[in-house]
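Here are the chains, one letter per residue:
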Amino acid sequence: MLNYISLLAVPLILLLIPLYALIKKVPLYETFVDGAAEGWTVALKIMPFLVGMLVAIAVFRSSGAFAALANLLSPFCRALGIPVDVLPIALMRPLSGSGSLALTAEVFERYGPDSFIGMLASVMQGSTDTTFYILAVYFGSVGIKKYRYAPAVGLAADAISFISAVIVCRILYS
Amino acid sequence: MLNMIWFALLAVGITYALFTGNIGAVTTAAFSAAANAVKLSIELAGVLCLWMGLLKLAERSGMVNIIAKVIAPIAGWLFPSVPRDDPAFFAIVMNLAANFLGLGNAATPFGLKAMERLQQLNPDPTAASAPMITFLALNTACITFIPTLVISLRAASGSANPTSIISATIMATTCGTIFAVIFDRLLRRHYFR
């Protein structure tokens, strides 16, 4: 049922917005093209911010520092009752969506998607978004230089989501 | 803060690579990430054009104002400094709805549109405003009902029941979002007095 809604959402929006505009006698195609022209400008504007963010994350990850950090933190994890295997996902999730998805795929391969670790990895991957991508792209697109407390709120929310994921999975699946 | 995080990622990475003899990999990764970033923004351009075009239709037809009025009570509480029937709310609602449904690439264009409108209301255009940060908090915590990407990955990995994680995801993401809103409130009071 929920999947069905997800599947239908885009086609429905693609139909309803033009339909309403048609009823209101808005010149459909000209207006659409007029708006679409902005898309390109926005894409160009966010490009340098993406380059900066993705390069820094790639350097951190490829150097082996990321894996070392995960190693360093694993004793704390064990103490808190968080399975060590999902720690890299939790650390990667705010930095890179494709990176954490790859780590989730690795967990699936090793433990299976329906194992406790697999379920937990799925919930972690699904319950937050890539905080640094959102900060870089959203603020970059309008030229904001001072982020104020936005990274703090974003990262704290990620941490809470992960802890909640562990607690919820422990209650539901183990 | 972002300046420091950015520098720390680079400095820690490069220092670590120097000591572990991984420095060659760093160079390759940096160049390929730069190229990937450009590829990503070009790919995004197509989707951006599509949704920006639809948004313009929604604006001109007045659909934007109807949605803004419907959500005014909640929006007024979350974004007290934004006028109650502001067009920004349409983009915000569409962005959050896209996130609910796990439609990642539809969420970004609406998010960017919302930022553009919030920037017009921003008294200091170089610094993030309170409503912008609230919006980003909602976005990064990202209340999700259908994590489409994870479900398809689970299915591809041979899960017997790929959608079984939906209820747990809703619970975890709701906790995260509630916390994000509260934390944002507390910090807002501290920064904008």
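Reading the values: rules and limits
- Residues numbered from 1 in each chain as written.
- Chains lettered and ligands numbered in written order.
- Predicted model: local features only at pLDDT ≥ 70, side-chain atom pairs only at ≥ 80, totals over all residues.
- Heavy atoms only, no water.
- Domains from an automatic or database assignment.
- Contact = heavy atoms within 4.5 Å.
- Buried area = accessible area lost by both parts, 1.4 Å probe.
- Salt bridge = Lys/Arg side-chain N within 4 Å of Asp/Glu carboxyl O.
- Polar contact = N/O pair within 3.5 Å; in protein donor to acceptor, adjacent residues only side chain to side chain.
- Nonpolar A, V, L, I, M, F, W, Y, C, P; charged D, E, K, R; others polar.
- Helix = DSSP H or I, 4+ residues; strand = E, 2+ residues; numbered from the N terminus.
- Buried < 20%, exposed > 50% of the residue type's maximum accessible area, 1.4 Å probe, protein only.
- Lys, Arg positive; Asp, Glu negative; His and termini not counted.
- Expected span 1.5 Å × (residues − 1).
- Disulfide = S-S within 2.5 Å.
- Core = buried A, V, L, I, M, F, W, Y, C linked by side-chain atoms within 4.5 Å.

Draft legend 1. How the structure looks around the domain arrangement of chain B. Residue and element names in this part refer to chain B. Per the domain assignment, the segments of chain B are domain 1 (1-53) and domain 2 (62-191). Domain 1 and domain 2 are separated by 25 Å when their C-alpha centres are compared. Contact with domain 1, which involves five residues of that partner, is made by seven residues of domain 2. The junction of domain 1 with domain 2 conceals about 550 Å² of combined surface from both sides, 87% of it contributed by carbon and sulfur atoms. Considering only the side of domain 1, the residues that lose the most area to domain 2 are L48, W51 and M52, jointly responsible for 72% of the buried surface there. Linking domain 1 with domain 2 are zero salt bridges, by the criterion used here. Taken together, the links from domain 1 to domain 2 amount to zero residue pairs in polar contact (both at pLDDT 80 or more). Residue composition of the side of domain 1 that touches domain 2, grouped by class: five nonpolar, no polar and no charged.

Draft legend 2. Main features of the side chain of R185 of chain B. All names here are of chain B. With respect to the helices, strands and loops of the structure, R185 is situated in helix α9 (residues 166-191). Look at R185: it is buried, it has no salt bridge, and the nearest opposite charge is D184 at 5.4 Å. Excluding anything up to four places from it in sequence, R185 contacts W77, L78 and P80.

Draft legend 3. Focus on the side chain of K56 of chain B. Topologically, K56 of chain B is positioned in helix α2 (residues 23-61). If near-sequence neighbours (up to four positions away) are discounted, K56 of chain B is found in contact with T31, D34, G35 and E38 of chain A.

Draft legend 4. Helix α6 (residues 104-120) of chain B, seen in detail. End to end, α6 of chain B covers 25 Å across 17 residues, agreeing with the expected 24 Å (1.5 Å per residue, within 8%). Counting buried residues along α6 of chain B, 12 of its 17 residues qualify, which places the element largely inside the surrounding structure. Every buried residue belonging to α6 of chain B is among A106, A107, T108, P109, F110, G111, L112, K113, A114, M115, L118 and Q119 of chain B, and all of these are buried. Tucked inside the fold, the buried residues of α6 of chain B contact α2 (28-62) and α7 (131-142) of chain A together with α2, α5 (88-100) and α7 (130-141) of chain B.

Draft legend 5. Region of interest: the environment of D85 of chain B. All names here are of chain B. By secondary structure assignment, the location of D85 is in the loop between α4 (72-78) and α5. Overall, D85 belongs to the partly exposed group, its relative accessible area being 42%. Considering only alpha carbons, one finds D85 and V64, 21 residues apart in sequence, at a separation of 9.0 Å. Discounting residues that sit within four places of it in the chain, D85 has contacts with N65, A68 and K69.

Draft legend 6. Broad picture of unusual backbone geometry. Residues and elements named next belong to chain A. Of note in the backbone geometry, K25 takes a positive phi value of approximately 60 degrees without being a glycine. Using a relative accessible area of 73% as the deciding quantity, one classes K25 as exposed. Phi angles above zero are rare outside glycine, and R148 is one such case at about 50 degrees. Secondary-structure assignment places R148 in the loop between α7 and α8 (150-173).

Draft legend 7. A look at the state of the cysteines. Going through the model one piece at a time under the given rule, you end up with zero disulfides over all chains. Note on C169 of chain A: no disulfide assigned, nearest cysteine sulfur contributed by C175 of chain B at a separation of 12 Å. The exposure class assigned to C169 of chain A is buried, which follows from its relative accessible area of 0%. Judged by its relative accessible area of 37%, C175 of chain B is partly exposed.

Draft legend 8. The nonpolar core, seen in detail. Judged by nonpolar contacts, the single largest core of 120 residues is most densely connected at M124 and F139 of chain A. Looking at which element gives the most residues to this core, the answer is α2 of chain B, with 15 residues. The two domains that each donate at least three residues to this core are domain 1 (1-53) and domain 2 (62-191) of chain B. In this structure F139 of chain A touches I134, I144, Y147 and A150 of chain A together with M115, A128, M132, I133 and L136 of chain B, once residues within four positions along its chain are discounted.

Draft legend 9. Local environment of the interface of chain A and chain B. The interface is formed by 91 residues belonging to chain A together with 105 residues belonging to chain B. Between chain A and chain B, the buried area comes to about 8200 Å², and carbon and sulfur atoms account for 78% of it. The largest share of the area that chain A buries against chain B comes from Y138, R148 and Y149 of chain A, three residues that together contribute 10% of it. Applying the counting rule to chain A against chain B returns four salt bridges. Here R60 of chain B ties to D34 of chain A by a salt bridge, and the two come within 3.0 Å at their closest N and O atoms. Viewed at the interface, chain B and chain A are joined by 22 residue pairs in polar contact (both at pLDDT 80 or more). Elements represented by at least two residues in the side of chain A that touches chain B include exactly α1 (2-23), α2, α3 (65-80), α5 (97-111), α6 (116-127), α7 and α8 of chain A.

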